[in-house]
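One-letter residues, chain by chain:
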Amino acid sequence: MTSAAHSSSTRQLNVLQKDAITELMNIGVGHAASTLHTLIGHKIELVVPEVSLITLDDYHQLQPYEADELLSTIWMGFRGGFEGNTSLIFPTDSANTLITALTGEMDDSPELDELRAGTLAEVGNILLNGVMGSIANMLNAALSYTVPEYMECSLLNIFRKNHTGNDTIMLARTTFAINELKVEGNILLFFKVASFEQLLISIDRELAI
Amino acid sequence: MNISDQFPLLDHIPTGILAINGDAEVVLWNRMLEHWTDRTREEMVGKGLFDAYPELEAPAFRLRIEQVLNGGPPVIFSPQLHHHLIPCPLPDGSLRSQLVTISWLASHKLALFSIQDLSEQHRLIEKYRFATTELEEELRHSQLLEREKDLLAAAIDQAGEAVIITDPTGTIEYTNRAFLNQTGWGPDELKTIAIYDTLFATPETSFTHELDILGSGEIWQGRQNIMCKDGHSFTASITIAPIFNDQQKLTHHVIIQEDISRQVAMEEKFRHTQKQEALITLVGGIAHDFNNLLAGLVGQTYLATREVRDMPKTADRMKKIQAITQEAAEIVKQLLTFARQGEMHSNEFPLASFVKEFAKLARHSVPENINIRCDFESGLFPFRGDPNQLQQALLNIIQNASEALRDSNDGEIKIGLFALNPETDAVHIRKHPVLRHGNFAHLCIHDNGRGIPEAIRERIFDPFFSTKQLGSGLGLAMVMGCIRHHQGIIDVESSTANGTTFHLFLPTIPQKHASSPAHESAEHAGVTILLVDDDDRVLEPTMELLEAMQHQVTLARNGSEACEVFASKPEAWDIVITDMVMPQMNGLEASRRMRKLRPDIPVIYATGYDQSLVIEDTRKMENTILISKPFNPEELDQLIMKMVRRKK
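Along each chain, numbering runs from 1 in the same order as the chain's sequence is written. Each chain gets a letter, beginning with A, and each ligand a number, beginning with 1, in the order they are written. For a predicted model such as this one, the threshold for reporting local features is a pLDDT of at least 70, and the threshold for listing and counting side-chain atom pairs is 80 or more; totals across whole chains, interfaces and linings nevertheless cover every residue. Heavy atoms throughout the structure, all of them, feed into the side-chain values; hydrogens and water do not.

Looking at an unreviewed UniProt entry, one finds chain B named histidine kinase and attributed to Mariprofundus erugo. UniProt positions are given in the numbering used here, feature names are shortened, and annotations may be inferred rather than shown by experiment. The record held by UniProt for chain B lists under Catalytic activity (unreviewed entry) the comment "ATP + protein L-histidine = ADP + protein N-phospho-L-histidine."

As structure tokens, then:
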């Protein structure tokens, strides 16, 4: 995975903190991958998460997606001890393949209808809950969540949804792949700067860094 | 605990809402759910969710529900993966398709279930999917049909056979390229043409009967002359099939037409060749028998002449009989030439000088008012053949030309000799593919006479066919036989406007010095002769004839007898004269056996019925000569003496 973080704010995370967040993400994604494996029966490959501080201008560095490429996205907001949102993104053909693998129903149309979108929302819900449930448990944080939402939008719009102006946010990102199905997706965790310090405190406290 | 009263609005939304507390007991059950499940709020509130719906005990449901009850993130159960969470029957017995979202309501410590009924959307989506699939299938099918149609149209348009589609009356609606190429018509010119009344019609026939056949649903096949735009016609093989619509009504005819004019020409040529071969066999057989009779007649006449030397009147009549017999022999010789059975004395000679000499001869053989012009390409054109036979054949053509120019004031005969030219002789090469192989000289004789009427053009080479009052009908038959005998080709072009041209294509050989036969004078002395023939009418007069020439003659009546006689004293014989075709053992085999005893014995084959192969075999044998019956007694005597002297 290519680094998305070249902002000067990167320096605000020391190596230990960065490793802790990476580990946090890694455990959460690992839990989610295990759930997905149970669901579809195929091996899930995971790439080590990357943690970076980014601004809106950095969205184009999130390769391999094109800026205007239509992506299938499941989005869920959270607030409480720290605030942000988490997204699962797939290229639409990967989303279609995944749904076909889960339901056995073929559909080559590029856009998902409501039923197939509902399926993807549930899959995203399982994965994101796995990530967020783990993180909340590990950090002993009481979080409240929005109801997961399915959207088809570009990477730029996903970034816009998470940025106010050109502020800096922390992005933890991991890529997973189901090679047998040629499906690839990304799990993105955006933490708003306002809650960033609180997150670090929670990490310091709970993980004793 | 019943908290429904705290949320009255929830009874007025088209969503099923239920809530459970931390012990999974139902605390809220809205009106929509009452309606969907037929379970009342009173019945459900206070009841354990897993007791009311035991199927939710399954880990896939229970674990995720408990996750929410523990304050975890919301959980979604999608209709495609689970169909429903709370079974809600529809009037038709099926269950409502549900999207269920479960969220933790921290303020009330409740898990709130929001149940959306997606049955109608599901149905519509399925219907849309089905319609889309059907449409896509229809589109694919339509594209496939379109491609097939295009392919079929291209195949028909580019097919080698002509394809025509007409309405039932024969009015043309479609023609492919092959038809336009074959007939010379343009596509727009055919739109108003009724094919059966015009293109297929001839003065002799109409197409009415065939149309009746097509009307009854049968396919018609046959040959038909097709009229082209320029007025000429050609023979085509035609298949016409009726096309019926779904109501079994005849709507069109499809006509497949193949130009078979070349095939017809080949068939005609084959038929003509068969006829010629039959004539050749017939003529050859008659000539052979007649020749034997003549041989006897010549011998007897010769002897009778000697016996009546002192009776001048009788002797004179006998000489006339001899002369008439020789004329008859000449006719038979022509017949044999036609039948390719006559004896051929082959020599190598340059065709160029031969034709030049012939042209001089031709000048003397036609009336003075006919002009003879020559056009000879440079070159020798070495040739192997019988110059006498060839000269006779050319004279026959010249005589015919002269006859055609009888009433002409500006009569002219052109004699030309050229090398075969692939461009200018293309018509002949196409007609006779053999001309593509080997080298040929093209000898042509043209007259500007009245031409040969088309009606008789095919028959001019038939023996006994003549338009002249006193013609034997053998002249051109002999020409045909001679040219074929020389492995040549003969073609005739003729029209009333341009006269007649005979094209003779003769195979030339690699250039060598042409040989000329040496003339040797005979030295007369009596020799011992073994004379073999199965026909007494030939045998006896020939023996008397030879004896009259001071020769000693011993007779044998077939090959076997000859071998026995010869073997009794092989050294006693100076020469053997034998017939070729005999019962028991033929002359060739008999002479081979005799040569085993006397390899140097000279042999004369006297025959009127030789096969080409046999002739070829005799040529390979040394000191052997083939002569035709009837033979001239003096010439035979000279030949005997020459061969005996050569042996010595």
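Student: What is the right way to read the overall build of chain A from this model?
Tutor: Numbering goes from the N terminus for both helices and strands, where a helix is a DSSP run of H or I of at least four residues and a strand is a run of E of at least two. Helix and strand counts for chain A stand at five helices and eight strands. Any residue under 20% of the maximum accessible area for its type is buried, any over 50% is exposed, and the rest in between are partly exposed; the area is computed with a 1.4 Å probe on protein chains only. Taking all 209 residues of chain A together, the buried fraction comes to 58%. When the accessible surface of chain A is summed, it comes to about 8,800 Å², and 50% of that surface belongs to carbon and sulfur atoms. Surface exposure here means Shrake-Rupley accessible area, sampled with a 1.4 Å probe, where a residue is shielded only by the protein chains that are shown.

Student: Would you explain the overall build of chain B in this entry?
Tutor: Assigned secondary structure in chain B consists of 20 helices and 22 strands. The proportion of buried residues among the 648 residues of chain B is 46%. Whether two residues touch is decided by their heavy atoms; if any such pair falls within 4.5 Å, the residues are in contact. Look at the contacts in chain B between residues 6 or more apart in sequence, and 62% of them connect residues 24 or more apart. Within the structure as shown, chain B displays about 34,300 Å² of accessible surface, and the carbon and sulfur contribution to it stands at 53%.

Student: Teacher, can you tell me more about the sheet that holds strand β20 (residues 575–579) of chain B here?
Tutor: What holds strands together in a sheet is hydrogen bonding between their backbones, with the strands either parallel or antiparallel. Residues and elements named next belong to chain B. As summarised here, the arrangement of the five strands in space is β19-β18-β20-β21-β22, forming an open sheet in which the pairing is parallel. Pairing within the sheet leaves two strands with one partner each, and these edge strands are β19 (552–556) and β22 (624–628). Ignoring which end each strand starts from, the neighbouring axes of this sheet average 20 degrees apart. Bridge count for β20 against strand β21 (residues 603–607) is four bridges, and the pairing is parallel. Along β21, the bridge assignment pairs I577 with I604. This element, helix α17 (residues 559–568), spans β18 (528–532), β19 and β20 of the sheet and lies at about 160 degrees to β18. Paired strands, in this sense, are two strands between which DSSP finds at least two bridges. Lines are fitted to the C-alpha atoms to define the axes, a helix being fitted only along its stretch in contact, and any angle between axes, read from their N-to-C directions, falls within 0 to 180 degrees.

Student: What is the right way to read the interface of chain A and chain B from this model?
Tutor: The interface of chain A with chain B comprises 24 residues on the first partner and 21 residues on the second. For the pair chain A and chain B, the summed buried surface comes to about 1,800 Å²; carbon and sulfur atoms form 60% of the total. Considering only the surface of chain A that becomes buried against chain B, E114, L115 and E122 of chain A emerge as the three largest contributors, covering 37% of it. We define a salt bridge as a side-chain nitrogen of Lys or Arg found within 4 Å of a carboxyl oxygen belonging to Asp or Glu. On inspection of chain A and its partner chain B, the count reaches one salt bridge. Across the pair R64 of chain B and E122 of chain A runs a salt bridge whose closest N-O atoms are separated by 2.9 Å. Pairs of N or O atoms within 3.5 Å make up the polar contacts considered here, provided that, within protein, one atom can donate a hydrogen while the other can accept it, and that residues adjacent in sequence are counted only when both atoms are side-chain atoms. Taken together, the links from chain A to chain B amount to eight residue pairs in polar contact (both at pLDDT 80 or more). For the side of chain A that touches chain B, the elements supplying multiple residues, two or more each, are α2 (92–103), α3 (114–139) and β5 (143–145) of chain A. Each residue receives one of three labels: charged for Asp, Glu, Lys and Arg, nonpolar for Ala, Val, Leu, Ile, Met, Phe, Trp, Tyr, Cys and Pro, and polar for the others, Gly being one of them. Split by residue class, the side of chain A that touches chain B holds 11 nonpolar, seven polar and six charged. Two parts placed together each lose some accessible area; with a 1.4 Å probe, that loss summed over both constitutes the buried area.

Student: What am I meant to see in the pairing of β18 of chain B here?
Tutor: Within a regular beta strand, the side chains point alternately toward one face of the sheet and then the other, so they alternate between its two faces. Residues and elements named next belong to chain B. Within β18, five of the five residues are buried, leaving the element largely enclosed by the surrounding structure. Neither face of β18 is open: one carries T528, L530 and V532, the other I529 and L531, and all of them are buried. Sheet analysis places β18 next to β19, joined by five bridges and oriented parallel. Bridge pairing in β19 places L531 opposite L555. The handedness of a crossover follows from its direction of travel: if, with the strands pointing away from the viewer, the path from the first strand over the helix to the second runs clockwise, the crossover is right-handed. Where the polypeptide runs from β18 across helix α16 (residues 536–548) and back to β19, its parallel neighbour, the crossover connection is right-handed. Two strands pair when backbone bridges link them, and β18 and β20 are joined in this way by four bridges, in the parallel orientation.

Student: For this particular structure, what's the right way to read helix α11 (residues 351–365) of chain B?
Tutor: The α-helix winds at 3.6 residues per turn, so residues separated by three or four positions along the chain end up facing the same way. All names here are of chain B. The end-to-end C-alpha distance of α11 is 20 Å, a good match for the 21 Å that 15 residues give at a rise of 1.5 Å each. Among the residues making up α11, those that are buried are L351, A352, F354, V355, F358, A359 and A362. Around the axis of α11, the buried residues are gathered within 150 degrees of arc, so they sit on the same side. Multiply 1.5 Å by the residue count of a helix minus one, and that product is the helix's expected span. The directions considered for the arc are those from the helix axis to the C-beta atoms.

Student: I keep staring at the sheet that holds strand β1 (residues 16–20) of chain B and nothing clicks. Help me out?
Tutor: All names here are of chain B. An order of β2-β1-β5-β4-β3 is seen for the five strands of this open sheet, with the pairing classed as antiparallel. Each edge of the sheet is formed by a strand with only one pairing partner; in this case those strands are β2 (26–29) and β3 (75–77). In this sheet, adjacent strand axes meet at a mean angle of 15 degrees when their direction is disregarded. Inspection of the sheet shows strand β4 (residues 98–105) paired to strand β5 (residues 110–117) by eight bridges, in the antiparallel sense. Paired with I102 across the bridge in β5 is F113. Relative to β3, helix α4 (residues 59–69) is tilted by about 150 degrees, and along the sheet it contacts β1, β3, β4 and β5.

Student: Just checking my understanding: could you explain a nonpolar patch on the surface for this structure?
Tutor: Two distance rules govern patches: like charges are joined within 9 Å, and nonpolar side chains (Val, Leu, Ile, Met, Phe, Trp, Tyr) within 5 Å, applied only to residues with over 30% relative accessible area and no salt bridge. A contiguous nonpolar patch, built from L282, I286, F290 and L293 of chain B and spanning about 380 Å² of accessible area, is present on the exposed surface. In this structure, L282 of chain B sits in helix α9 (residues 261–307).

Student: Sorry, what's going on with the pattern of salt bridges here?
Tutor: For side chains bearing opposite charge, pairing can occur when the charged atoms are close. All names here are of chain B. Taken as a whole, this structure holds 24 salt bridges over all chains when the rule is applied. Between E348 and R384 there is a salt bridge whose closest N-O contact spans 3.7 Å. Taken together, the residues span a long stretch of sequence, with E348 in strand β11 (residues 347–350) and R384 in strand β13 (residues 382–385) at a distance of 36 residues. The exposure class of R384 is partly exposed, given its relative accessible area of 41%. When the shortest N-O distance is used, the salt bridge between D536 and R557 registers 3.0 Å. Here R557 lies in the loop between β19 and α17 and D536 lies in helix α16, a separation of 21 residues in the sequence.

Student: How should the nonpolar core be read in this particular structure?
Tutor: Here is a general trend for soluble globular proteins: nonpolar side chains tend to be buried in one another's company. The biggest cluster of nonpolar side chains holds 54 residues, and the ones touching the most others in it are F82, M170 and L189 of chain A. Per element, the largest residue contribution to this core is 11 residues, and it comes from α3 of chain A. Not counting the four nearest positions on each side in its chain, F82 of chain A is found in contact with I135, L139, A141, L143, F191, S195, L199 and S202 of chain A. Among buried residues, those of type Ala, Val, Leu, Ile, Met, Phe, Trp, Tyr and Cys that are joined through side-chain atoms within 4.5 Å constitute a nonpolar core. Formed by 41 residues, the second largest nonpolar core is a distinct cluster that contains L395, A441, I483 and L504 of chain B.

Student: It is not clear to me how the packing of aromatic side chains should be interpreted in this structure. Could you clarify?
Tutor: Each aromatic ring pair is characterised by the separation of its centres together with the angle its planes make. Note on aromatic pairs: the rings of Phe, Tyr and Trp (six-membered ring only in Trp) are paired at centre separations within 6.5 Å, and the planes decide the class, stacked below 30 degrees, edge-to-face beyond 60, tilted for the rest. Summed over the entire model, instances satisfying the criterion amount to eight aromatic pairs over all chains. With 5.4 Å between their ring centres and 40 degrees between their planes, F61 of chain B and F77 of chain B make a pair best called tilted. In this pair, F61 of chain B is assigned in helix α4 and F77 of chain B in strand β3, connecting sequence segments 16 residues apart. Here F61 of chain B and F77 of chain B have matching classes, each one buried. Chaining the aromatic ring pairs together yields one cluster made of F78, F82 and F191 of chain A. Any Lys NZ or Arg CZ that is within 6 Å of a ring centre and within 35 degrees of that ring's normal is treated as a charge sitting over the ring. A cation sits over an aromatic face here: R62 of chain B above F50 of chain B, 4.1 Å from the ring centre. The lysine or arginine in question, R64 of chain B, covers the ring of F77 of chain B, its NZ or CZ lying 4.7 Å from the ring centre.

Student: Help me understand the packing of α9 of chain B against helix α10 (residues 312–338) of chain B, please; the structure alone is not making it clear to me.
Tutor: What describes two packed helices is the angle between their axes and the distance between those same axes. Residues and elements named next belong to chain B. α10 packs onto α9 with a crossing angle of 160 degrees between their chain directions and a minimal axis gap of 8 Å. Judged on the interaxial angle alone, α10 and α9 are roughly antiparallel. The two elements α9 and α10 cross, and the hand of that crossing is left-handed. Split by residue class, the contact of α9 with α10 holds 18 nonpolar, seven polar and no charged. Oblique is the label for any angle not under 35 degrees, not over 145, and not in the 65 to 115 range, which are roughly parallel, roughly antiparallel and roughly perpendicular in turn. Crossings are assigned a handedness: left-handed for a near helix turned anticlockwise from the far helix by less than a right angle, right-handed for a clockwise turn.

Student: Is there a simple way to explain unusual backbone geometry in this structure?
Tutor: If a residue is not glycine, its phi is most likely negative; likewise, a peptide bond is most likely trans. Residue and element names in this part refer to chain B. In the Ramachandran plot, A24 falls in the positive-phi region, its phi being about 65 degrees despite a non-glycine side chain. For A24, the position within the fold is in the loop between β1 and β2. The backbone phi angle of D38 is positive, close to 60 degrees, even though this residue is not glycine. Tracing the sequence through the fold places D38 in the loop between α1 (31–37) and α2 (41–44). You can call D38 exposed: its relative accessible area is 65%.

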